[in-house]
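Listed below, chain by chain, are the residues.
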Number of protein chains: 2
Amino acid sequence: MDRAELFQRIQQKRSFLCVGLDPDPDRIPASFDGDVLAFNRSIIDATREYAVAYKPNTAFYEALGLDGMRILHATIDYIGRDHLIIADAKRGDIGNTSGYYARFAFETLGADAITVAPYMGEDSVRPFLSYPGKWAIVLAVTSNEGGDDFQHTVQQDTGTALYDKVMRRVMEWGSPDQLMFVCGATRAETFSTLRSIAPDHFFLVPGIGAQGGDLQAVCRFGMNAQCGLLVNSSRGILYAQDPARAARELQQEMQSALENYLPEVSQ
Amino acid sequence: MDRAELFQRIQQKRSFLCVGLDPDPDRIPASFDGDVLAFNRSIIDATREYAVAYKPNTAFYEALGLDGMRILHATIDYIGRDHLIIADAKRGDIGNTSGYYARFAFETLGADAITVAPYMGEDSVRPFLSYPGKWAIVLAVTSNEGGDDFQHTVQQDTGTALYDKVMRRVMEWGSPDQLMFVCGATRAETFSTLRSIAPDHFFLVPGIGAQGGDLQAVCRFGMNAQCGLLVNSSRGILYAQDPARAARELQQEMQSALENYLPEVSQ
């Protein structure tokens, strides 16, 4: 799914919601009797109409043991091809090895995108950018507390933060048609900086809900002419009493934001 | 396997060799007819005597599809409990999710150690440090070309490199009995700095062989009183004409280094 198609779906659905499929065995309702795939299907059924993307986090499937990969594959198959599918895997290794992670995400799993950790630099990121029509989503600013530890380190030569260097360097390796950034919602005050660094790129925004991010602030500072945002909710939908309602409420908030900040295209 | 046991094995075997089990389907000898597990077993049989650790990189198994995890499990079972088993996975995510990766590595796979990417900070690393007797091996300086892109970024407040901050901060979260660092051999000139930052920690050293690292320089600047080094070889052994001989030659080089730099314990 390319950038134009993604934006088209956002306009059609008046939503830029990404649903994080992170099934926590300890929190899945008892009625599913531990059947993770059935739980995922119920969430997909309840949210399909309101979401433009799904984001299974590989950690939850790997922890399930040998059966986990089968469940992950079956979940992706069940989503189908109408939504952007993001393998939230935060991979990255030397070039030769990153090539195998890219093969895993794009060929084995059939995902459209994979999240990538930047610490190992250029040759660790480039293999994810060599698949036409696929996306690498590189960590820039993350929504967790530990995000402060290294990402905001001020550099001697420029006086700017490490995430600034990460984004500018990574943007040399791929275009806004193949590259997004993870930009956590808990740091909405940095969104105008992030948007000035990368005016055209989509940002994948975790941290709404359980982690306390402010959706309207993110939209105000983060939206661009093609929306440029995919806002993720995982726990806030998965473990809601009524997941469909939780997704619909987020979609409605997003529709308002589109009307406020992109009035010319949200009619 | 704790630090004292690891050092004991190094003394017994006069080796600190780690064999990287990264089976590349395109390079496995035709005689194995694509049977990755049989190939891994042959490498383990050929190197068991010379190695103290094995390090399967998860990328190669994930790329094999649904069968890959089964092969990874079977490989780990075949190694047994006499060697340190490192899941080279370079994982890291928000705390809740890193906990699932830790479960994957230590419970599902039964590895002794996992490599961890530090970009997301404290809560992404701590879950790997909560298993008694298990190890987190955090990326500090990596052996690939892209390692220069961000790891050597000079910080404004200290004038030191990002990897220095990463190591010092991470050392606040765990002891040398549960924490190692990945320190690439292609930057042997930085080993005296690395050792001054972390005098007691083990370093996992990739980059010997295919990536051009100098084993003697690493030992000269990197060894401590408990050896403190695990030197990895993957391609240099896996695809050698005679893997046992390649491993034995490395073991002999390591024995010399132990005699040179740790004469009091290498008798």
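As the structure is a computational prediction, the values presented were derived from the model and not from experiment.

**Student:** What am I meant to see in the overall build of chain A here?
**Tutor:** A count of helices and strands for chain A gives 12 helices and 8 strands. In summary, chain A has a C-alpha radius of gyration of 18 Å against a globular reference of 18 Å for 267 residues, a match within 12%. Across its three principal directions, the C-alpha atoms of chain A cover 55 × 45 × 35 Å. If you take every contact in chain A between residues at least 6 apart in sequence, the share linking residues at least 24 apart comes to 73%.

**Student:** Just checking my understanding: could you explain helix H8 (residues 162-171) of chain A for this structure?
**Tutor:** The element H8(A) is largely enclosed, with a buried count of 7 among its 10 residues. The complete set of buried residues in H8(A) reads Leu162(A), Tyr163(A), Asp164(A), Lys165(A), Val166(A), Met167(A) and Val170(A).

**Student:** Would you take a moment to explain the packing of aromatic side chains for this structure?
**Tutor:** How two aromatic rings sit relative to each other is set out by the distance from centre to centre and by the angle between their planes. For the structure on display, the rule yields 12 aromatic pairs over all chains. Centroid distance Phe150(A) to Trp173(B): 6.5 Å. Interplanar angle 50°. Geometry classified as tilted. Taken together, the residues Phe150(A) in helix H7 (residues 147-151) and Trp173(B) in the loop between helix H8 (162-171) and strand E6 (179-183) connect one chain to another. Overall, Trp173(B) belongs to the buried group, its relative accessible area being 7%. Ring centres of Phe39(B) and Tyr239(B) lie 6.0 Å apart, and the angle between their planes is 5°; this geometry places the pair in the stacked category. Here the residue Phe39(B) occupies a position in helix H2 (residues 36-47), and Tyr239(B) occupies one in the loop between helix H11 (235-238) and helix H12 (243-261), the gap between them amounting to 200 residues. For the pair Phe39(B) and Tyr239(B), one class covers both residues: buried. Grouped by ring-pair contacts, the aromatic residues Phe32(A), Phe39(A) and Tyr239(A) constitute a single cluster. Against the face of Tyr78(B) rests Arg48(B), its NZ or CZ located 5.6 Å from the ring centre. Here the guanidinium or amino end of Arg195(B) rests over the ring plane of Phe203(B), the centre of that ring lying 4.0 Å away.

**Student:** Looking at this model, I keep getting lost on the interface of chain B and chain A. Mind explaining?
**Tutor:** It is common to report an interface's size as the accessible area lost on association of the parts. The interface of chain B with chain A comprises 58 residues on the first partner and 58 residues on the second. Here chain B packs against chain A, burying approximately 5,200 Å² in sum over the two surfaces, 60% of which is carbon and sulfur. Looking only at chain B, the three residues that lose the most surface to chain A are Tyr100(B), Tyr119(B) and Phe150(B), adding up to 18% of its buried area. For the pair chain B and chain A, the number of links is 6 salt bridges. Asp149(B) serves as the salt-bridge partner of Arg169(A), at 2.8 Å between the closest nitrogen and oxygen. Counting the contacts that link chain B with chain A gives 38 residue pairs in polar contact (both at pLDDT 80 or more). Every element with two or more residues in the side of chain B that touches chain A is listed here: helix H3 (58-62), helix H4 (66-79), strand E3 (84-91), helix H5 (95-108), helix H6 (122-125), strand E5 (135-141), helix H7 (147-151) and H8 of chain B. At 7 residues, H5(B) tops the list of elements feeding residues into the side of chain B that touches chain A.

**Student:** Help me understand the packing of helix H4 (residues 66-79) of chain A against H4(B), please; the structure alone is not making it clear to me.
**Tutor:** Axis angle and axis distance: for two packed helices, these are the angle between their axes and the distance between the axes, and together they describe the pair. Packing of H4(A) against H4(B) brings their axes to within 9 Å, and their N-to-C directions diverge by 170°. Here H4(A) is positioned roughly antiparallel relative to H4(B), judged by the angle of their axes. Counted together, Leu66(A), Met69(A), Arg70(A) and His73(A) of H4(A) and Leu66(B), Met69(B), Arg70(B) and His73(B) of H4(B) form the full contact between these two elements. Looking at the contact of H4(A) with H4(B) residue by residue, the classes come out as 4 nonpolar, 2 polar and 2 charged.

**Student:** What is the right way to look at the sheet that holds E3(B) in this model?
**Tutor:** Hydrogen bonds between backbone atoms are what pair the strands of a sheet, whose relative direction is either parallel or antiparallel. All names here are of chain B. In space, the 8 strands of this closed barrel follow the order E1-E2-E3-E4-E5-E6-E7-E8, with parallel pairing throughout. Looking at each pair of strands side by side, their axes are set apart by 30° on average, direction ignored. Both strand E7 (residues 202-205) and strand E8 (residues 229-233) contribute to a ladder of 3 bridges, which runs parallel. Bridging across to E8, Val205 finds its partner in Val231. Together, strand E1 (17-21) and strand E2 (51-56) form the strand contacts of H2, whose direction differs from that of E1 by roughly 170°.

**Student:** Looking at this model, I keep getting lost on the side chain of His83(A). Mind explaining?
**Tutor:** Residue and element names in this part refer to chain A. Position of His83 among the secondary structure elements: in the loop between H4 and strand E3 (84-91). Looking at His83, the relative accessible area reads 2%, which means it is buried. A polar side-chain atom of His83 sits 3.0 Å from a polar atom in the side chain of Lys13.

Definitions and cut-offs
- Residues numbered from 1 in each chain as written.
- Chains lettered and ligands numbered in written order.
- Predicted model: local features only at pLDDT ≥ 70, side-chain atom pairs only at ≥ 80, totals over all residues.
- Heavy atoms only, no water.
- Helix = DSSP H or I, 4+ residues; strand = E, 2+ residues; numbered from the N terminus.
- Rg over C-alpha atoms; globule rule 2.2 N^0.38 Å.
- Contact = heavy atoms within 4.5 Å.
- Buried < 20%, exposed > 50% of the residue type's maximum accessible area, 1.4 Å probe, protein only.
- Phe/Tyr/Trp six-rings, centres within 6.5 Å; stacked < 30°, edge-to-face > 60°.
- Lys NZ or Arg CZ within 6 Å of the ring centre and 35° of its normal.
- Buried area = accessible area lost by both parts, 1.4 Å probe.
- Salt bridge = Lys/Arg side-chain N within 4 Å of Asp/Glu carboxyl O.
- Polar contact = N/O pair within 3.5 Å; in protein donor to acceptor, adjacent residues only side chain to side chain.
- Axes fitted to C-alpha atoms, helices over the stretch in contact; angles between N-to-C directions.
- Parallel < 35°, antiparallel > 145°, perpendicular 65-115°, else oblique.
- Nonpolar A, V, L, I, M, F, W, Y, C, P; charged D, E, K, R; others polar.
- Pairing = 2+ DSSP bridges.

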